[in-house]
Amino acid sequence: MGMARIPKRAAPRRVATVLTFRKLVARAPDPAQAIETVRSGLPASAIDEAVDYMEVPRKDLLAALRIPVSTFHRRLAANEPLSPAESEKVLRLGEITRRAESTFGGAKAA
């Protein structure tokens, strides 16, 4: 008689709550923090933070990031983190926004 094996469960992804979109724009995360953020996933609310910060319609931002609206709504309603690919897109958007603000002298000019 062998012992019954318990099936392995996938470990739930942790949500990176350390970084917000405003923090991403204010200062570049160190590489290790950026990698951990992408792997664990930003909260879906980071997209709403970006919408508020950039003052653009959510639909337009999701289209630019190539994240389906239905996927975003599902993640937001279920309090799920963004996927690593989606998190990387938001992280890169923060990087681009920070560089644009630095180059043009402010958020409105950028």
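Model, not experiment: these values are computed from the prediction.

Asks: Honestly, helix α3 (residues 45-54) in this entry has me stumped. Any pointers?
Replies: In an α-helix, one turn spans 3.6 residues, which is why side chains three or four residues apart end up on the same side. Taken together, the buried positions of α3 are occupied by A46, I47, D48, A50, V51 and Y53. Where the residues of α3 are buried, they touch α1 (21-26), α4 (58-65), α5 (69-77) and α6 (84-104). Count one or two residues on from α3 and you reach E55, which has phi positive near 55°.

Asks: Just checking my understanding: could you explain helix α2 (residues 31-40) for this structure?
Replies: Here α2 has its buried residues at A34, T37, V38 and S40. Those residues of α2 that are buried lie in contact with α6. Measuring from the backbone nitrogen of A32 back to the side-chain oxygen at the start of α2 gives 3.1 Å, which picks out D30 as the cap. Of the residues one or two after α2, G41 is the one with positive phi, at around 95°.

Asks: Mind showing me how you'd approach unusual backbone geometry here?
Replies: Note on backbone geometry: most residues besides glycine have negative phi, and most peptide bonds are trans. For E55, which is not glycine, the phi dihedral falls at a positive 55°. For E55, the position within the fold is in the loop between α3 and α4. The class for E55 is exposed, based on a relative accessible area of 59%. Phi at R66 takes a positive value of approximately 60°, unusual for a residue other than glycine. When you line up the elements, R66 lands in the loop between α4 and α5.

Reading the values: the criteria
- Residues numbered from 1 in each chain as written.
- Predicted model: local features only at pLDDT ≥ 70, side-chain atom pairs only at ≥ 80, totals over all residues.
- Heavy atoms only, no water.
- Buried < 20%, exposed > 50% of the residue type's maximum accessible area, 1.4 Å probe, protein only.
- Helix = DSSP H or I, 4+ residues; strand = E, 2+ residues; numbered from the N terminus.
- Contact = heavy atoms within 4.5 Å.
- Polar contact = N/O pair within 3.5 Å; in protein donor to acceptor, adjacent residues only side chain to side chain.

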